[in-house]
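Residues per chain, in single letters:
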Amino acid sequence: MTDPYGVIDLASLKKPEGSENAGPVGEHEVSVDEANLEQMIQDSARVATLLLVTSSRVPGIDELLGALRSGVDAKGGALRLAVVDADTQPRVAGALRVQQLPTLMLLLQGQLQPIAESMVPADQIPGLLDQIVQVAQQTGLDVSGAADGQGADGSGAEDADGAAPAQPELPPLLQTAYDAIEAGDLPGAQTAFEEHLNQNPADAEAKAGLATVHLMDRTRDAQLDAARKAAADAPQDLDAQLLVADLDMLGGHVDDAFGRLLDLLRGADQDTKDRVRARLLDLFEVAGPEDPRVAPARKRLANLLF
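Cut-offs used in this document
Residues numbered from 1 in each chain as written. Predicted model: local features only at pLDDT ≥ 70, side-chain atom pairs only at ≥ 80, totals over all residues. Heavy atoms only, no water. Helix = DSSP H or I, 4+ residues; strand = E, 2+ residues; numbered from the N terminus. Buried < 20%, exposed > 50% of the residue type's maximum accessible area, 1.4 Å probe, protein only. Contact = heavy atoms within 4.5 Å. Areas by Shrake-Rupley, 256 points an atom, 1.4 Å probe, with all protein chains shown as cover. Salt bridge = Lys/Arg side-chain N within 4 Å of Asp/Glu carboxyl O. Arc of directions from axis to C-beta. Axes fitted to C-alpha atoms, helices over the stretch in contact; angles between N-to-C directions. Parallel < 35°, antiparallel > 145°, perpendicular 65-115°, else oblique. Left-handed = near helix turned anticlockwise from the far one by under 90°. Nonpolar A, V, L, I, M, F, W, Y, C, P; charged D, E, K, R; others polar. Pairing = 2+ DSSP bridges. pLDDT = per-residue confidence, 0-100. Core = buried A, V, L, I, M, F, W, Y, C linked by side-chain atoms within 4.5 Å. Right-handed = clockwise from strand over helix to strand, strands pointing away. Polar contact = N/O pair within 3.5 Å; in protein donor to acceptor, adjacent residues only side chain to side chain.

**Some words on the overall build of the protein chain**
Okay, so step 1: For the protein chain, the count of helices and strands is twelve helices and five strands.
Okay, so step 2: Counting every position in the protein chain, which comprises 306 residues, the buried fraction comes to 47%.
Okay, so step 3: Nonlocal contacts in the protein chain, meaning residues at least 24 apart in sequence, comprise 71% of its contacts between residues at least 6 apart.
Okay, so step 4: Accessible surface computed for the protein chain: about 14800 Å², of which carbon and sulfur atoms make up 49%.

What follows is the structure, given as structure tokens:
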């Protein structure tokens, strides 16, 4: 489904191959997107959060995810598991400065602490979770399980009456765009975003949404391994390089995507420069102006072009 308060939740729209085998979601698990990332950070002041950034493309990830889910659920709410799919949430993975998949981190009192940038053997999970609960207890958190009050959708904040606070309504054209994405109608989503931007040219959410729709459309039928092989076999094939950069961006490898395209500009002809510049500007919108990797890439782009 779409998340109308972030940019786009791509999970149901471009479902990664093999994700259907990931197993049932844990009782104390939340799927992280742009909309709930800030709330999750705030909630870490009352419940320790084990944060996993991964992809269904990672070999053996189902076993790791299953062990984490079982172990966290066995703690009865003393901590929770938060999962970021780098394929569907590249901007979240980028904001977390993830360099390798999978990456496992502890979010505690608003602070991220790295645990591992590799697979963790399933038999080590129980001991790891015991250590996290001990650390949480030492920092004064309630590890009885009462602090983990989020529902299955990951929402934790409630008002004084116990009801979740109402979310603001979206502008009609943005709602149309998100509805179109959920229906698999990318051209319709593009049209709605463009119409909204004609009326609201400074709307950063709509710009990011439109750029993400472009990215989804370009990578819709792409196979990662085949695309990488084609690019490696034909380094002068601009289309092949552009596709791999798109796939890197979709997988959260923002630096790789930017670097690949910027490297193409050295000694390039004008047509190549124009196409690479256009693609980079599109990917800058996907990442968002707040991403710390965008400004250096923009500066390097300007130096290479002029």
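Still to come is the rest of the account.
**Some words on the pattern of salt bridges**
Okay, so step 1: Scanning all chains against the criterion turns up 14 salt bridges.
Okay, so step 2: Close ionic contact of Arg69 with Glu29 constitutes a salt bridge, the shortest N to O distance being 2.7 Å. Note that Arg69 is positioned in helix α2 (residues 61–74) and Glu29 in strand β1 (residues 29–31), a separation of 40 residues in sequence. With respect to burial, Arg69 and Glu29 carry one shared label: buried.

**Examining helix α5 (residues 172–182)**
Okay, so step 1: Among the residues making up α5, those that are buried are Leu173, Leu174, Ala177, Tyr178, Ala180 and Ile181. The arc that holds the buried residues of α5, viewed along the axis, is 160 degrees, so those residues lie on one side.
Okay, so step 2: Note on α5: the residue one or two positions beyond its end, Gly184, has a positive phi of about 80 degrees.

**Remarks on the packing of α5 against helix α6 (residues 186–199)**
Okay, so step 1: Remark: α5 packs on α6, axes separated minimally by 8 Å, with the N-to-C direction vectors making an angle of 165 degrees. By the angle between their axes, α5 is roughly antiparallel relative to α6. Crossing angle aside, the handedness with which α5 passes α6 is left-handed. Judged by residue contacts, Leu173, Leu174, Thr176, Ala177, Tyr178, Ala180 and Ile181 of α5 engage Gly188, Ala189, Ala192, Phe193, Glu195, His196 and Gln199 from α6.
Okay, so step 2: When the residues that make up the contact of α5 with α6 are grouped by side-chain class, the tally is nine nonpolar, four polar and one charged.

**Looking at the pairing of strand β4 (residues 103–108)**
Okay, so step 1: Buried residues dominate β4, accounting for six of its six residues.
Okay, so step 2: Residues Thr103, Met105 and Leu107 line one face of β4 and the alternating positions Leu104, Leu106 and Leu108 line the opposite face, and both faces are buried.
Okay, so step 3: With five bridges connecting them, strand β2 (residues 48–54) and β4 associate as antiparallel partners. From the neighbouring strand, Leu51 faces β4, where its bridge partner is Met105.
Okay, so step 4: Sheet analysis places β4 next to strand β5 (residues 111–116), joined by five bridges and oriented antiparallel.

**Examining the confidence of the model for the protein chain**
Okay, so step 1: For the protein chain, mean pLDDT is 80; residues scoring 70 or higher make up 84% of the total.
Okay, so step 2: Element-level mean pLDDT values for the protein chain span from 83 in helix α3 (residues 90–95) up to 93 in helix α10 (residues 254–263).
Okay, so step 3: Predicted confidence is poor over residues 1–23, with pLDDT under 50, and the contacts of this stretch with residues over four places away or in other chains come to 67 contacts.
Okay, so step 4: Contacts for the low-pLDDT stretch residues 151–167, under 50 throughout, to residues beyond four places or in other chains number 17 contacts.

**Thoughts on the nonpolar core**
Okay, so step 1: Core analysis: the largest hydrophobic core is formed by 26 residues, its most contacted members being Ala48, Leu50, Leu52, Leu68, Leu79, Leu81 and Ile132.
Okay, so step 2: Contributing elements (two or more residues each) for this core: β2, α2, β3 (79–85), β4 and α4 (125–138).
Okay, so step 3: Ranked by size, the runner-up nonpolar core spans 24 residues in total, among them Leu265, Val276, Val286 and Val294.

**A word on the pairing of β3**
Within a regular strand, the side chains alternate between the two sheet faces.
Okay, so step 1: Among the seven residues of β3, six are classified as buried, and the element is accordingly described as predominantly covered.
Okay, so step 2: Looking at chain direction, β2 and β3 are connected through seven bridges and run parallel. Across the sheet, the residue bridging to Thr54 is Asp85, located in β3.
Okay, so step 3: Regarding topology, α2 serves as the crossover connection from β2 to the parallel β3, and that connection is right-handed.

**Re the sheet that holds β3**
Okay, so step 1: Spatially, five strands are ordered β1-β3-β2-β4-β5 in an open sheet, and the strand pairing comes out mixed. The sheet is open, and its two edges are formed by β1 and β5, each paired on a single side. Neighbour-to-neighbour, the strand axes of this sheet turn through a mean angle of 25 degrees, independent of strand direction.
Okay, so step 2: Pairing analysis gives three bridges linking β1 to β3, with the strands arranged parallel. Opposite Val30, over in β3, you have Ala82 as the bridge partner.
Okay, so step 3: Across the sheet, helix α1 (residues 34–43) touches β1, β2, β3 and β4, and the angle it forms with β3 is around 155 degrees.
Okay, so step 4: Strand contacts of α2: β1, β2, β3 and β4, with the helix running at about 155 degrees to β3, the strand carrying the most contacts.

**Regarding the side chain of Asp87**
Okay, so step 1: Tracing the sequence through the fold places Asp87 in the loop between β3 and α3.
Okay, so step 2: A polar contact of 2.6 Å, which involves the side chain of Asp87, links it to the side chain of Ser55.
Okay, so step 3: Engagement of the side chain of Asp87 in a polar contact is seen with the side chain of Arg57, the distance being 2.8 Å.

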